[in-house]
Amino acid sequence: MLSDVQRRFVDQSRVAHLATADRAGAPHLVPVCFCLSGLSLYITVDEKPKRTDIPLKRIRNIQENPAVAVTVDRWDEDWTRLGWIMLRGPAEILSAGGEHDQAQDQLRGRYPQYRTMHLAALPVIAVRISRVLSWGALG
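Presented here is a report on the structure given in the accompanying data block.

Parameters at a glance
Residues numbered from 1 in each chain as written. Predicted model: local features only at pLDDT ≥ 70, side-chain atom pairs only at ≥ 80, totals over all residues. Heavy atoms only, no water. Salt bridge = Lys/Arg side-chain N within 4 Å of Asp/Glu carboxyl O. Helix = DSSP H or I, 4+ residues; strand = E, 2+ residues; numbered from the N terminus. Buried < 20%, exposed > 50% of the residue type's maximum accessible area, 1.4 Å probe, protein only.

1. Here's the deal with the pattern of salt bridges
Within the structure shown, the criterion is met by five salt bridges. Across the salt bridge formed by lysine 57 and aspartate 22, the nearest N and O atoms sit 3.7 Å from each other. Linking lysine 57 in helix H2 (residues 57-64) with aspartate 22 in the loop between strand E1 (16-21) and strand E2 (27-32), this pair joins segments that are 35 residues apart in sequence. On the basis of relative accessibility, which here comes to 14%, the residue aspartate 22 falls in the buried class. Residue aspartate 105 is joined to arginine 108 by a salt bridge in which the shortest nitrogen-to-oxygen separation is 3.3 Å. Of this pair, aspartate 105 and arginine 108 both sit in helix H3 (residues 98-110), three residues apart, roughly one helical turn. Here the residues in one salt-bridge network are Glu92, Glu99 and Arg128, joined through shared partners.

Dropping the structure here:
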């Protein structure tokens, strides 16, 4: 579904933006660390300071409305270098299991900051990519 050029663009990017919406359609957009594996994009909840008395808004939104979008983009003062990719599809929350653990292992390999965090008990968002849109200079 992703071309080689699109996959390289995503793989070379360090931050993405996850868009979710609640049951009523109210949008919520947050920057995220991510990894791509096959036709899934993974995002883990991490240990950065967050409220612990209620689940994160992005988790609650996915439970209410699993349709999400993830945008990876490149900004440059030279506008001939601008580019973005939007990945859309349903998301699910992985609390444990092989896919959960493999995603966290891949994320630790991609982001050294995760290597000292205790992620195992934290959920992973799995975005099942069903549509890819892109624009601009991706190469």
